[in-house]
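Secondary and tertiary structure notes
Each chain, written out:
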Amino acid sequence: MRTNNRLPLVIDLAFCLVLLPFMIWLLPVSRWAASNAPFVVLFVGWLYVVYFAYRYYAVPRMFRGRRQIVAAIAVIAVTLVVTWLISRYRFEIPQQAMPRMRPRPYAPEMTPRAGLMILHQRAVWFLYVVVAAFSFAVGTLAELYRQIVERQAAEHERRKAELALYKVQINPHFLFNTLNTLYGLMLTDVSRAETAFMQFMDLTKYMYTNAEKDKVPLRAEIDYIRQYIELQKKRMNDRTHVHFSIEKRNERPDAAIAPMILITFVENALKYGVSSHVRSDIFIGLALDGDWLHFTTRNPVVVRPSAEKSGFGIVNCRKRLGLLYPGRYTLEIREQADEYRVTLDLKLH
């Protein structure tokens, strides 16, 4: 970004110190200085005024509404009038600079002075057109670039606001589920509730410490999921079995992930797959292979969510994935034969 911010300044300096002096040297402007020094200073200064008037005033206003376009056209008209007045300047032409013109038949009579005057006027207009066209092109490109950057910044801020909203929605969801577990333990087993409460404190600390971060170490997130599963196990009887597996191949030590992006699927599996009267097996698997994370959950549908609450956490999580990992994830959710499956493939880097 620093290089991009300096680019307009580099272009302006290149024009002012290299391009325009080179054109002045090529054209007869440099030869005017001998007998028309005040005019040359005025004209060269005017060319710089034209460049910056187009570059920083006229061109930007062409992109900012009808009233601003009128102001831009007025500036262009003023530069044309002033340039026309400058082109009418009667140069002091030394006698030795007069070319010898041979008379041509059937050609209108033209004095040497008149011929040089036309040449000088064309040089004035040529330099004006070149400066105006270059300034217009640079100003247009700079304005288009500015608009692209502003749109990207606005989109970035919108995504940040959406992510902040989704993170705020995650916290009550987590607290509600975990407090339900603690309440159940307080009614059935006070000693286990004490241990569970300490685990709950650790989970809450992790959540509030890392929820606002963009990325956390993957190992920390896995440990958070493991602790959450252990806490939820305390409310289950012997009929429910949770199988949590981790497979690592080519693990990257710097692997990181958006915090609490996987916990929604774990919560759903443990909330709707727990049974108190039939055997229930819940499978949660996590496999790492280089940059890729393969995450799966599979659970029987013992408890069906109500229509009002169904899919809220999943929708939230899907939106976060879309904002944080666009084009770098596939999420498949299937329910068949009273079994719920979630498969997430996520490219972390």
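Attention here is on the structure that accompanies the text. Predicted model, so just to flag it, every value in this text is computed and none were measured.

Quick look at the overall build of the protein chain now. Helix and strand counts for the protein chain stand at 8 helices and 7 strands. Across the 349 residues of the protein chain, 37% fall into the buried class. In the protein chain, the share of contacts with a sequence separation of at least 24, taken over all contacts with a separation of at least 6, comes to 73%. Of the roughly 20,800 Å² of accessible surface on the protein chain, a fraction of 61% belongs to carbon and sulfur atoms.

Orientation of helix 6 (residues 218-233) relative to helix 7 (residues 263-272), taken along the N-to-C sense of each, is 15°, at an axis distance of 11 Å. Viewed along their axes, helix 6 and helix 7 adopt a mutual orientation that is roughly parallel. Regarding helix 6 and helix 7, the two cross each other, and that crossing is right-handed. From helix 6, Tyr224, Ile225, Tyr228, Ile229 and Gln232 reach across to helix 7, where they touch Ile263, Val266, Glu267 and Leu270. Class assignment for the residues of the contact of helix 6 with helix 7 results in 7 nonpolar, 1 polar and 1 charged.

In this section: the pairing of strand 4 (residues 280-289). In terms of burial, strand 4 is largely enclosed, as 7 of its 10 residues are buried. Here 10 bridges tie strand 2 (residues 240-249) to strand 4, and the two strands are oriented parallel to one another. Residue histidine 243 lies in a different strand from strand 4, and its bridge partner there is phenylalanine 283. Alignment of strand 4 against strand 5 (residues 292-300), held across 7 bridges, turns out to be antiparallel. Residue phenylalanine 283 lies in a different strand from strand 5, and its bridge partner there is arginine 298. Where strand 4 folds back on strand 5, the antiparallel hairpin that results is connected by 2 residues, among which glycine 290 adopts a positive phi of roughly 65°.

The next point concerns the packing of aromatic side chains. Enumeration according to the criterion identifies 8 aromatic pairs in this entry. Here the aromatic rings of tryptophan 125 and tyrosine 128 are separated by 5.8 Å at their centres, their planes lie at 90°, and the arrangement is edge-to-face. Of this pair, tryptophan 125 and tyrosine 128 both sit in helix 4 (residues 112-188), 3 residues apart, which is roughly one turn of that helix. Taking 6.3 Å as the distance between ring centres and 45° as the angle between the ring planes, the aromatic pair formed by phenylalanine 265 and phenylalanine 295 counts as tilted. Of this pair, phenylalanine 265 sits in helix 7 while phenylalanine 295 sits in strand 5, and the two are 30 residues apart along the sequence. Note on phenylalanine 295: relative accessible area 0%, which makes it buried. An aromatic cluster is defined as three or more aromatic residues linked by ring pairs; in this entry it consists of Phe15, Tyr51, Phe52, Tyr56 and Phe134. A cation over an aromatic ring shows up here: arginine 55 above the ring of tyrosine 56, its NZ or CZ 4.4 Å from the ring centre.

So, about the sheet that holds strand 2. Strand order in the open sheet formed by 5 strands is 2-4-5-7-6, and the pairing between neighbours is mixed. Bordering the open sheet on either side are strand 2 and strand 6 (329-336), each of which pairs with just one other strand. Neighbour-to-neighbour, the strand axes of this sheet turn through a mean angle of 5°, independent of strand direction. Sitting on the sheet, helix 6 touches strand 2 and strand 4, and the angle it makes with strand 2 is about 165°. In this fold helix 7 packs onto strand 2, strand 4, strand 5, strand 6 and strand 7 (339-347), with an angle of close to 15° to the strand it touches most, strand 5.

Here the focus is the pattern of salt bridges. Counted under the stated rule, the structure contains 13 salt bridges. As a salt-bridge pair, arginine 146 and glutamate 143 come within 2.3 Å of each other at their nearest N and O atoms. In this pair, arginine 146 and glutamate 143 both sit in helix 4, 3 residues apart, roughly one turn of the helix. You can call glutamate 143 buried: its relative accessible area is 4%. The shortest N-O distance in the salt bridge between arginine 298 and glutamate 339 comes to 3.4 Å. One end of the pair, arginine 298, is in strand 5; the other, glutamate 339, is in strand 7, and 41 residues separate them in sequence. Connected through shared salt-bridge partners, Glu143, Arg146 and Glu150 make up one network.

The rules behind each value
Residues numbered from 1 in each chain as written. Predicted model: local features only at pLDDT ≥ 70, side-chain atom pairs only at ≥ 80, totals over all residues. Heavy atoms only, no water. Helix = DSSP H or I, 4+ residues; strand = E, 2+ residues; numbered from the N terminus. Buried < 20%, exposed > 50% of the residue type's maximum accessible area, 1.4 Å probe, protein only. Contact = heavy atoms within 4.5 Å. Areas by Shrake-Rupley, 256 points an atom, 1.4 Å probe, with all protein chains shown as cover. Axes fitted to C-alpha atoms, helices over the stretch in contact; angles between N-to-C directions. Parallel < 35°, antiparallel > 145°, perpendicular 65-115°, else oblique. Left-handed = near helix turned anticlockwise from the far one by under 90°. Nonpolar A, V, L, I, M, F, W, Y, C, P; charged D, E, K, R; others polar. Pairing = 2+ DSSP bridges. Phe/Tyr/Trp six-rings, centres within 6.5 Å; stacked < 30°, edge-to-face > 60°. Lys NZ or Arg CZ within 6 Å of the ring centre and 35° of its normal. Salt bridge = Lys/Arg side-chain N within 4 Å of Asp/Glu carboxyl O.

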